[in-house]
Amino acid sequence: MKTLKHTPILDSFYIPSSDIAPTSAQKVMILMHGLGDSLESYKIFAKEVNVTGLSYLLLNAPKKYYFGYSWYDIPPKDPIPGIENSVSIIKSLIHDLVKQNEQLDYEDIFLAGFSQGGCISLETAYQLEHKLGGIVLMSPRIYPERLPQGLSKCLRETDIFCAHGTNDPVIDINQTKAGIDHINKLGASSEFYQYEMEHDIDIDEIMQLRLWLNERL
């Protein structure tokens, strides 16, 4: 896939699989940053993951936040309107990618994000009625009050990778683990990994993610 057609709903940057490892595979990871960050930080991450057969579509969140962007407001402001707006944007992007790229199907799309980006990845999966290639949650914010009581087709049929730091001072690992346990009890297929780190992405986490992705490509 040398180019990826899509309506530019958000600022984005595309890294084709040929820039990482030569391949004719038609799979893509939509990758979302955390609060106050931008897609620039994830250009290196994509090359560190370094799996054959996967392209990357890096996104900037819709709202400016200091020197970066945010997917939704944080307390004391209400996060829900921003979450719902961002989920609507990502759902439209996914449908748009499939519609505009003849060789791309829903199962060829991986949805991934760190922190706020992880929240939007999971919240999108709550609503999406299509099986994806996989969902990757890195130190995600999971709001207990928004956990589903039933699973969408996406959550029923799509494998989930979730990783979190045991020393995370921003998002409590126990809250994330409780959220993953909840959807697993409903029938989701999630793997949870914990690492001795803070609110960050660890090299061991990247190596585990690489193995997980290779099993699904």
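These numbers were taken from a predicted model, which means no experiment stands behind them.

Novice: Looking at this structure, how should I read the overall build of the protein?
Specialist: Scanning the protein from N- to C-terminus turns up six helices and nine strands. For 217 residues, the compact-globule formula gives about 17 Å, and the C-alpha radius of gyration of the protein, at 16 Å, lands near that figure. A burial count over the protein gives 53% of its 217 residues as buried. Within the protein, counting contacts between residues at least 6 apart in sequence, those at least 24 apart form 75% of the total. Roughly 9,800 Å² of accessible area belongs to the protein as shown, and the carbon and sulfur atoms make up 47% of that amount.

Novice: Explain the nonpolar core to me, please; I cannot follow it from the model alone.
Specialist: The nonpolar side chains of a soluble globular protein tend to be buried, and buried together. Leu59, Trp71, Ile90, Ile94, Ile109 and Ile183 are the most contacted members of the largest nonpolar core, which totals 44 residues. Ile183 has contacts with Leu122, Leu147, Pro148, Leu151, Leu155, Ile160, Ala188 and Ser190, leaving out every residue within four places of it along the chain. Counting 26 residues, the second-largest nonpolar core is a separate cluster that includes Phe114, Tyr193, Trp212 and Leu213.

Novice: Even after reading the chapter, I still don't get the side chain of Asp168, so can you show me in this structure?
Specialist: Tracing the backbone shows Asp168 in the loop between β8 (159-165) and α5 (173-186). There is no salt bridge for the buried Asp168, and the closest opposite charge comes from Arg141, which lies 7.6 Å off by N-O distance. One polar contact links Asp168 to His199, side chain to side chain, over a distance of 2.7 Å. Asp168 has contacts with Ser139, Met197, Glu198 and His199, leaving out every residue within four places of it along the chain.

Novice: It is not clear to me how the pattern of salt bridges should be interpreted in this structure. Could you clarify?
Specialist: As a working rule, side chains carrying opposite charge can pair if their charged atoms are close by. Under the definition given, this model contains ten salt bridges. Across the pair Lys177 and Asp181 runs a salt bridge, and its minimum N-O distance is 3.0 Å. Of this pair, Lys177 and Asp181 both sit in helix α5, four residues apart, which is roughly one turn of that helix. Residue classification places Lys177 among the partly exposed residues on the basis of a relative accessible area of 31%. The partner of Glu191 in a salt bridge is Arg216, with the nearest N and O atoms 3.5 Å apart. Taken as a pair, Glu191 in strand β9 (residues 189-195) and Arg216 in the segment after α6 (203-214) lie far apart in primary sequence, 25 residues in all. Each of Asp159, Glu191, Glu215 and Arg216 takes part in a single network of salt bridges with overlapping partners.

Novice: What am I meant to see in the side chain of Lys27 here?
Specialist: Along the chain, Lys27 falls in the loop between β1 (12-15) and β2 (28-32). In this structure Lys27 comes out as buried when scored by relative accessible area, which is 18%. A polar atom in the side chain of Lys27 sits 3.0 Å from the side chain of Asp108.

Novice: Help me understand the sheet that holds β8, please; the structure alone is not making it clear to me.
Specialist: Sheet strands pair via backbone hydrogen bonds, and the direction of the pair is either parallel or antiparallel. With mixed pairing, the seven strands of this open sheet are ordered in space as β1-β3-β2-β6-β7-β8-β9. Whereas interior strands pair on both sides, the edge strands pair on one side only; in this sheet they are β1 and β9. Shown here is a sheet whose adjacent strand axes are inclined to one another by a mean of 15 degrees, direction ignored. Relative to strand β6 (residues 109-114), helix α2 (residues 80-100) is tilted by about 150 degrees, and along the sheet it contacts β2, β3 (55-59) and β6.

The rules we used
- Residues numbered from 1 in each chain as written.
- Predicted model: local features only at pLDDT ≥ 70, side-chain atom pairs only at ≥ 80, totals over all residues.
- Heavy atoms only, no water.
- Helix = DSSP H or I, 4+ residues; strand = E, 2+ residues; numbered from the N terminus.
- Rg over C-alpha atoms; globule rule 2.2 N^0.38 Å.
- Buried < 20%, exposed > 50% of the residue type's maximum accessible area, 1.4 Å probe, protein only.
- Contact = heavy atoms within 4.5 Å.
- Areas by Shrake-Rupley, 256 points an atom, 1.4 Å probe, with all protein chains shown as cover.
- Core = buried A, V, L, I, M, F, W, Y, C linked by side-chain atoms within 4.5 Å.
- Lys, Arg positive; Asp, Glu negative; His and termini not counted.
- Salt bridge = Lys/Arg side-chain N within 4 Å of Asp/Glu carboxyl O.
- Polar contact = N/O pair within 3.5 Å; in protein donor to acceptor, adjacent residues only side chain to side chain.
- Pairing = 2+ DSSP bridges.
- Axes fitted to C-alpha atoms, helices over the stretch in contact; angles between N-to-C directions.

Such coordinate-based values are descriptive only and should not be taken to indicate function.
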